[in-house]
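Report on the structure
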Amino acid sequence: MSTTNPIDKLSILIADDSETVRRLLASLLAALGAGRVFIANNGSEALTTFFRYCPDIIITDAAMAPIDGYELVDTVRTHPESPDPNVPVIMLSALSGDAHEARAEQMGVSILLSKPLVPEALYKAISEALASAERRAWLEEAALKIADPSPLPADKQPLPAGRSRMLH
């Protein structure tokens, strides 16, 4: 019985201004069996790649120019034409502290990892991001079913506003 690798079908976008970090992440993701990896040298390139390919996960550095990781996440989350405003985002940062963590959370970062990067922490973060995305997909599917329910039998139809049905 073989086990499936949850990462092997993923497309992952790496956004980091350090060539060393980009290479390290690409090597780690290849070793983990990632399906497709897109690489961006900065937040601006990352946005172009995101809007074109809509990857399953974004891994970004916090501090980049001309667009940093925070602005990248904000644009992904709030742009009206974003192909997936809920895409999981893993942010890497050498910064630490409550203010940094609060800003990352406020901007919609899914998981914040400290540099230097530990391979086990990256795999765990990807797994958590996938679990979160799967729960979100399930909730969205459930919401669609609620919004467009199949026809109900007459005794199960909703009552007009202001009326209630007593349960015995």
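Bear in mind the structure is a predicted one, so any value in this text is a computation, not a measurement. (Residues numbered from 1 in each chain as written. Predicted model: local features only at pLDDT ≥ 70, side-chain atom pairs only at ≥ 80, totals over all residues. Heavy atoms only, no water.)

Some remarks on the confidence of the model for the protein
- Model confidence for the protein is summarised by a mean pLDDT of 80, while 75% of its residues fall at 70 or above.
- Model confidence for the protein, summarised as mean pLDDT per element, is weakest for helix H5 (residues 119-147) at 70 and strongest for helix H2 (residues 43-53) at 95.
- Predicted confidence is poor over residues 156-168, with pLDDT under 50, and the contacts of this stretch with residues over four places away or in other chains come to seven contacts. (pLDDT = per-residue confidence, 0-100. Helix = DSSP H or I, 4+ residues; strand = E, 2+ residues; numbered from the N terminus. Contact = heavy atoms within 4.5 Å.)

Points about the packing of helix H3 (residues 69-78) against helix H4 (residues 98-107)
- Contact pair H3 / H4: the axes reach a minimum separation of 9 Å and the direction vectors enclose 25 degrees. With respect to each other, H3 and H4 are oriented roughly parallel. Here Tyr 70, Val 73, Asp 74 and Arg 77 of H3 lie close against H4, whose contacting residues are His 100, Arg 103, Ala 104 and Met 107.
- Taken together, the residues that form the contact of H3 with H4 break down as four nonpolar, one polar and three charged. (Axes fitted to C-alpha atoms, helices over the stretch in contact; angles between N-to-C directions. Parallel < 35°, antiparallel > 145°, perpendicular 65-115°, else oblique. Nonpolar A, V, L, I, M, F, W, Y, C, P; charged D, E, K, R; others polar.)

Re the environment of Asp 16
- When you line up the elements, Asp 16 lands in the loop between strand E1 (11-15) and helix H1 (19-32).
- Assessed through its relative accessible area of 0%, Asp 16 is described here as buried.
- Sequence-wise, Asp 16 and Ile 39 are 23 residues apart; in three dimensions their C-alpha atoms are separated by 8.2 Å.
- Sequence-distant contacts of Asp 16, that is, excluding residues within four places in its chain, are made with Val 21, Arg 22, Ala 40, Asn 41, Asn 42, Asp 61, Met 64 and Lys 115.
- A polar side-chain atom of Asp 16 sits 2.9 Å from the main-chain amide nitrogen of Ser 18. (Buried < 20%, exposed > 50% of the residue type's maximum accessible area, 1.4 Å probe, protein only. Polar contact = N/O pair within 3.5 Å; in protein donor to acceptor, adjacent residues only side chain to side chain.)

Things to note about the pattern of salt bridges
- Scanning all chains against the criterion turns up four salt bridges.
- Measuring nitrogen to oxygen at the nearest pair gives 3.2 Å for the salt bridge that ties Asp 61 to Lys 115. In this pair, Asp 61 is assigned in strand E3 (residues 57-61) and Lys 115 in the loop between strand E5 (111-114) and H5, connecting sequence segments 54 residues apart.
- Salt-bridge contacts for Lys 124 lead to Glu 128; the nearest nitrogen and oxygen are separated by 3.9 Å. Here Lys 124 and its partner Glu 128 are both found in helix H5, four residues apart, which amounts to about one turn of the helix.
- For Lys 124, a relative accessible area of 53% corresponds to the exposed category.
- Within this structure, Asp 16, Asp 61 and Lys 115 form a network of salt bridges that share partners. (Salt bridge = Lys/Arg side-chain N within 4 Å of Asp/Glu carboxyl O.)

With respect to H1
- Between its terminal C-alpha atoms H1 stretches 20 Å, which fits the 20 Å expected from 14 residues at 1.5 Å a residue.
- Within H1 the residues assigned to the buried category are Val 21, Arg 22, Leu 25, Ala 26, Leu 28 and Leu 29. The buried residues of H1 occupy one face: seen down the axis, they fall within an arc of 165 degrees. Pointing more than 90 degrees away from the buried face of H1 are the exposed residues Thr 20, Arg 23, Ala 30 and Ala 31.
- The first or second residue beyond H1 is Gly 33, which carries a positive phi of 90 degrees. (Expected span 1.5 Å × (residues − 1). Arc of directions from axis to C-beta.)

Overview of the packing of aromatic side chains
- Scanning the entire structure with this criterion turns up two aromatic pairs.
- Plain terms: the ring middles of Phe 38 and Tyr 53 are 4.6 Å apart, the flat faces sit at 20 degrees to each other, and that makes the pair stacked. Of this pair, Phe 38 sits in strand E2 (residues 36-40) while Tyr 53 sits in helix H2; the two residues are 15 residues apart in sequence, bridging distant segments of the chain.
- The partly exposed category is assigned to Tyr 53, whose relative accessible area is 35%.
- A ring pair is formed by Phe 50 and Phe 51, whose centres lie 5.5 Å apart and whose planes are at 85 degrees; its orientation type is edge-to-face.
- A cation sits over an aromatic face here: Arg 103 above Tyr 70, 3.8 Å from the ring centre. (Phe/Tyr/Trp six-rings, centres within 6.5 Å; stacked < 30°, edge-to-face > 60°. Lys NZ or Arg CZ within 6 Å of the ring centre and 35° of its normal.)

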